[in-house]
Amino acid sequence: MEKQVNRGKLMIASFLTLVAAGMGFAARGAAGPAWAEMGIGPGDFGGIMGAGFLGFGFVILGGGVLVEMFGYKKLLLLAIVLHFISAGMLFVAPGLYDDWVDSDAATATANVQNLLYWSVFLFSVCAGLYEAVINPLVGQLYPENQTHYLNILHAGWPGGLIVGGVLAAAFQNDTAWVNEIPWHYALCAYSGVLIILMIMVATEEFPATVSEGGKQSFDVLFSCFLSLPFILLIVLHGLIGYMELGVDSWQTRLMENLVENSVTVLIYTSVLMFVLRFFAGPIVHAINPIGLLFASSVIAICGLLWLGTEIKSVAVIFAAATLYSLGKAFLWPTMLAVAGERYPQSGAVAMGAL
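What comes next concerns the included structure. None of the values given here were measured: they were computed from a predicted structure.

Between its first and last C-alpha, helix 1 (residues 7–29) extends 33 Å over 23 residues, near the 33 Å set by a 1.5 Å rise per residue. Extensive coverage of helix 1 is indicated by the burial of 19 of its 23 residues.

And the structure:
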């Protein structure tokens, strides 16, 4: 492994990409009431939130190839720049709406909805580029224990959800714990993390990818697609993404009538995930990655079924959310570790496709 001395700093930089993405995701999920004041209803809100996954899916699918072509550092710097642009689009949205609404309210709503859609879409493109880079990077930096370190890496996502959720709960909407501020301030707060991230990435050396280092020829990178178990992993991981990201994106909005300042449910489940992902290593050593995936799936199913029942008690909501979080915590990063450990010759392509 090249540049072994830098792997701690590169791990922190990779962690921060998910913190920034999680912050924006959580604050965006709590923006529904503020966006409703601009005429954006629940259906349109769902369309905008959906854009937050669309770019992610397309980009990360081919992102592994881009990583092998251009290297870790160039692609990560590109993602950070695009992330700043997405934040800028969010920041100017309310001011532009105020200018447009003087002429025609319906046109103003349509215009700001379009602006938010493309900002969120660009945000999702950045998230896809981040994942395309950081998963194979960390797997390459820590080949001796990929499951453990990929779970630690992905603790950055719930970490970002916690920070973004707290910002939303404290400052967004009329239920704010501290004081309500303009919604776009909370949504753009992740830009502070991006500044730190930009400095770290620009000044650090990165290892060569599998193909850059001459360890594999470019065509061998795609050999994973000849394996039927790998195709099955792709299908299963798609379902995991549908479950985790889909549920989390609607959780705050759906519980507005059940829990005062409903973003607290997302904060709570994120805290559980954040803590649990630091303990994946000992669990994997006890039951192996496949055993961990099986146990997690069963627990997550029970939690989701419980959350899907007619719940009228806040205590029951948090109990069901606890079970759901215990189940989903290890699924995403452990699936990536299985791909990295079983298809090392495919480098970033295998993890990106998954």
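Resuming the write-up.
Further remarks concern the packing of aromatic side chains. Tallying each qualifying case throughout the model produces 14 aromatic pairs. A ring pair is formed by Phe25 and Trp157, whose centres lie 5.1 Å apart and whose planes are at 55°; its orientation type is tilted. Taken together, the residues span a long stretch of sequence, with Phe25 in helix 1 and Trp157 in helix 7 (residues 156–171) at a distance of 132 residues. The two residues Phe25 and Trp157 agree in class, both being buried. Geometrically, the ring pair formed by Phe274 and Phe278 is edge-to-face, given 5.2 Å between the ring centres and 70° between the ring planes. A residue is classified by how much of its surface remains accessible, and Phe274, at 27% relative accessible area, is partly exposed. Phe278 sits in the partly exposed class, given a relative accessible area of 33%. Aromatic ring contacts, followed pair by pair, group Phe25, Phe53 and Trp157 into a single cluster. Seen from the ring of Phe123, Arg28 lies directly overhead, with NZ or CZ sitting 4.9 Å from the centre.

To continue, consider the environment of Asp174. Assignment of secondary structure puts Asp174 in the loop between helix 7 and helix 8 (183–187). Residue class for Asp174 comes out exposed when judged on its relative accessible area of 72%. The spacing of Asp174 and Pro33 is 141 residues in sequence and 8.8 Å in space, taken between C-alpha atoms.

What follows concerns a nonpolar patch on the surface. On the surface, a nonpolar cluster with roughly 1,000 Å² of combined accessible area is contributed by Met69, Phe70, Phe218, Phe222, Phe225, Leu228, Ile231, Leu232, Val235, Leu236 and Leu239. The element best represented in the nonpolar patch is helix 10 (residues 228–254), accounting for 6 residues. The residue Phe218 is located in the loop between helix 9 (191–203) and helix 10 in this model. Since its relative accessible area comes to 36%, Phe218 is described here as partly exposed.

Let's shift gears to empty space enclosed by the protein. Counted according to the given criterion, the structure contains 2 cavities of 30 Å³ or more. Roughly 220 Å³ of volume is contained in the largest cavity. What lines the largest cavity is a set of 17 residues, among which Phe56, Ala127, Glu131, Trp157 and Leu245 lie closest to the centre. Of all the elements in the fold, those that place two or more residues in the lining of the largest cavity are helix 1, helix 3 (42–70), helix 5 (105–141) and helix 10. Partitioned by chemical class, the residues of the lining of the largest cavity number 11 nonpolar, 2 polar and 4 charged. Taken as a whole, the second largest cavity holds about 30 Å³ of empty space. For the lining of the second largest cavity, the per-class residue count stands at 5 nonpolar, 1 polar and 1 charged.

Under the defined criterion, the tally for this structure stands at 2 salt bridges. One salt bridge connects Glu144 with Arg7, and the closest N-O pair in it is separated by 3.5 Å. Of the two residues, Glu144 sits in the loop between helix 5 and helix 6 (146–153) while Arg7 sits in helix 1, which places them 137 residues apart along the sequence.

Among the nonpolar cores identified, the biggest contains 102 residues, and Trp35, Met38, Leu116, Tyr130, Trp183, Tyr190 and Leu197 are the most heavily contacted of them. Judged by nonpolar contacts, the second largest core, of 6 residues, contains Ala280, Val284, Leu292 and Phe330.

How each quantity is defined
- Residues numbered from 1 in each chain as written.
- Predicted model: local features only at pLDDT ≥ 70, side-chain atom pairs only at ≥ 80, totals over all residues.
- Heavy atoms only, no water.
- Helix = DSSP H or I, 4+ residues; strand = E, 2+ residues; numbered from the N terminus.
- Expected span 1.5 Å × (residues − 1).
- Buried < 20%, exposed > 50% of the residue type's maximum accessible area, 1.4 Å probe, protein only.
- Phe/Tyr/Trp six-rings, centres within 6.5 Å; stacked < 30°, edge-to-face > 60°.
- Lys NZ or Arg CZ within 6 Å of the ring centre and 35° of its normal.
- Patch = residues over 30% accessible without salt bridge, like charges linked within 9 Å, V, L, I, M, F, W, Y side chains within 5 Å.
- Areas by Shrake-Rupley, 256 points an atom, 1.4 Å probe, with all protein chains shown as cover.
- Salt bridge = Lys/Arg side-chain N within 4 Å of Asp/Glu carboxyl O.
- 1 Å grid on protein atoms, 1.4 Å probe; cavity = no way out; pocket = protein on both sides within 12 Å on 5 of 7 lines; lining within 4 Å.
- Points joined across faces, edges and corners; volume = space filled by probe spheres on them.
- Nonpolar A, V, L, I, M, F, W, Y, C, P; charged D, E, K, R; others polar.
- Core = buried A, V, L, I, M, F, W, Y, C linked by side-chain atoms within 4.5 Å.

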